[in-house]
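# What the coordinates show
The chain contents come next:
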Amino acid sequence: MTPDRKREFVPAPAALPTRGRVLVHAATVYDLVQPFVTLGQEARLNRWLAQQIHLPAGSCVLDVGCGTGLLTVRIAEQHPEVQVTGIDASRPMVDVAIKKRARGNCHFQQALAEELPFEDQSFDLVTSALFFHHVDQELKQRTLQEIMRVLKPGGTLLIADMDRPYTALGWAMSWTAWKLFRQPEIKENMDGLLREEIVRAGFRGLREIAKFSGYIRVVEAQN
Ligand SMILES: C[S@@+](CC[C@H](N)C(=O)[O-])C[C@H]1O[C@@H](n2cnc3c(N)ncnc32)[C@H](O)[C@@H]1O
């Protein structure tokens, strides 16, 4: 076997190098756990997010931090005429997504949110669900700038993530997750920092369009 041929078989790393909290070992149980984490709202949230999308046939959507593709596939199912791509830094998450959810208009690949492997202005809309509380302030900003770069002019950003909780249970869950996982990125979101970073990245018309589960807020903005 030549050295060149050996190089062809180097397996993809389980997690691409990033300060983001990449879920590697959770991949096999993620789909079972997520309905509990969202207080039974996982399917409703992702279905609702997909319903907010109104794009002409042939449009392209990117789902950042797609995990096992729960939102990605909802969009692909509800919009069969649109091409949807999900990216995640975790090889096991992407493997589950491909195995369970890849289809004609639904694609997955391992990639970093802060270094998106796509051409400028290649997507009409970028979504992200429950990803931004996995990255710190600087990576939030770098990711938002990358999203801005790959979005077409006038394209839409649609994010559902942890934010300032609005129920007692939401406060309890967010506070517990912050302390239990020792995840300051969650506290940043609880303090409303993600919305500040979206504006700082240059997005226009930021508005909150829905709330779920006592601790998730959905926001929309344009580039
Ligand atoms: C809580 S999961 C959300 C998955 C999915 N969007 C959902 O709603 O079920 C957060 C995901 O972000 C991924 N992640 C963390 N840091 C990342 C990075 N820098 N780039 C891409 N993905 C990252 C993790 O591997 C994980 O799959």
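Structural notes, computed from the coordinates. (Residues numbered from 1 in each chain as written. Predicted model: local features only at pLDDT ≥ 70, side-chain atom pairs only at ≥ 80, totals over all residues. Heavy atoms only, no water.)

A separate point is the sheet that holds strand β7 (residues 216-222). Pairing is mixed across the open sheet formed by seven strands, whose spatial order is β3-β2-β1-β4-β5-β7-β6. The two strands at the open ends of the sheet, each matched to only one other strand, are β3 (106-110) and β6 (204-212). Looking at each pair of strands side by side, their axes are set apart by 20° on average, direction ignored. This element, helix α6 (residues 137-150), spans β1 (60-64), β4 (123-129) and β5 (151-162) of the sheet and lies at about 145° to β5. (Pairing = 2+ DSSP bridges. Helix = DSSP H or I, 4+ residues; strand = E, 2+ residues; numbered from the N terminus. Axes fitted to C-alpha atoms, helices over the stretch in contact; angles between N-to-C directions. Contact = heavy atoms within 4.5 Å.)

Attention shifts here to the site of the ligand. Taken together, 22 residues form the shell around the ligand, and within it Tyr 30, Gly 65, Asp 88, Glu 114 and Ala 129 come nearest. Here a nitrogen atom of the ligand sits 3.2 Å away from a polar atom, N or O, in the side chain of Thr 18. Summarising the interface, the protein chains cover 98% of the accessible area of the ligand, which totals 600 Å² for the free molecule. Among the residues forming the shell around the ligand, the class breakdown is 13 nonpolar, six polar and three charged. (Near = heavy atom within 4 Å. Polar contact = N/O pair within 3.5 Å; in protein donor to acceptor, adjacent residues only side chain to side chain. Areas by Shrake-Rupley, 256 points an atom, 1.4 Å probe, with all protein chains shown as cover. Nonpolar A, V, L, I, M, F, W, Y, C, P; charged D, E, K, R; others polar.)

Put simply, α6 and helix α9 (residues 193-200) touch, their axes get as near as 9 Å, and they point 40° apart. Regarding the angle of α6 to α9, the classification is oblique. Classified by chirality, the crossing of α9 by α6 is right-handed. The segment α6 lies against α9, with Gln 137, Lys 140, Gln 141 and Leu 144 engaging Leu 193, Leu 194, Glu 197, Ile 198 and Arg 200. When grouped by side-chain class, the residues that make up the contact of α6 with α9 number four nonpolar, two polar and three charged. (Parallel < 35°, antiparallel > 145°, perpendicular 65-115°, else oblique. Left-handed = near helix turned anticlockwise from the far one by under 90°.)

Let us now look at the packing of helix α3 (residues 42-51) against helix α4 (residues 70-78). Look at α3 against α4: their axes get within 9 Å of each other, and the N-to-C directions meet at 45°. It follows from the interaxial angle that α3 and α4 lie oblique. At the point where α3 passes α4, the crossing takes the right-handed sense. Facing α3, whose interface residues are Glu 42, Ala 43, Asn 46, Arg 47, Leu 49, Ala 50 and Gln 51, α4 presents Leu 70, Leu 71, Arg 74, Ile 75 and Gln 78. Grouping the constituent residues of the contact of α3 with α4 by class yields six nonpolar, three polar and three charged.

Moving on, we come to the packing of aromatic side chains. This structure, assessed with the given rule, holds four aromatic pairs. Taking the centre distance of 5.7 Å and the plane angle of 65° together, the rings of Trp 48 and Phe 212 count as edge-to-face. Separated by 164 residues along the polypeptide, Trp 48 in helix α3 and Phe 212 in strand β6 bring together distant segments of the chain. A relative accessible area of 3% means that Phe 212 is categorised as buried. Aromatic side chains Trp 175 and Trp 178 sit 6.2 Å apart centroid to centroid with 85° between the ring planes, which places their arrangement in the edge-to-face category. (Phe/Tyr/Trp six-rings, centres within 6.5 Å; stacked < 30°, edge-to-face > 60°. Buried < 20%, exposed > 50% of the residue type's maximum accessible area, 1.4 Å probe, protein only.)

Here we take up the pattern of salt bridges. All told, the structure shown has 19 salt bridges when counted by the stated rule. As a salt-bridge pair, Arg 142 and Glu 115 come within 3.8 Å of each other at their nearest N and O atoms. With Arg 142 in helix α6 and Glu 115 in the loop between β3 and β4, the pair connects residues that are 27 residues apart, well separated along the chain. The salt bridge involving Arg 217 is made with Asp 163; its shortest N-O contact spans 3.8 Å. Highlighted residues: Arg 217 in strand β7 and Asp 163 in the loop between β5 and α7 (168-180), separated in sequence by 54 residues. For Arg 217, a relative accessible area of 12% puts it in the buried group. Residue classification places Asp 163 among the buried residues on the basis of a relative accessible area of 3%. (Salt bridge = Lys/Arg side-chain N within 4 Å of Asp/Glu carboxyl O.)

Another point: the pairing of β4. For β4, the tally of buried residues reaches seven of seven residues, placing the bulk of the element in the interior. Across three bridges, β1 lies against β4 in parallel orientation. If you follow Val 61 over to β4, its bridge partner there is Leu 125. Taken together, the six bridges between β4 and β5 define a ladder with parallel strand orientation. Counted as the bridge partner of Leu 125 is Thr 156 from β5. For the segment spanning β4, α6 and β5, crossover handedness is right-handed. (Right-handed = clockwise from strand over helix to strand, strands pointing away.)

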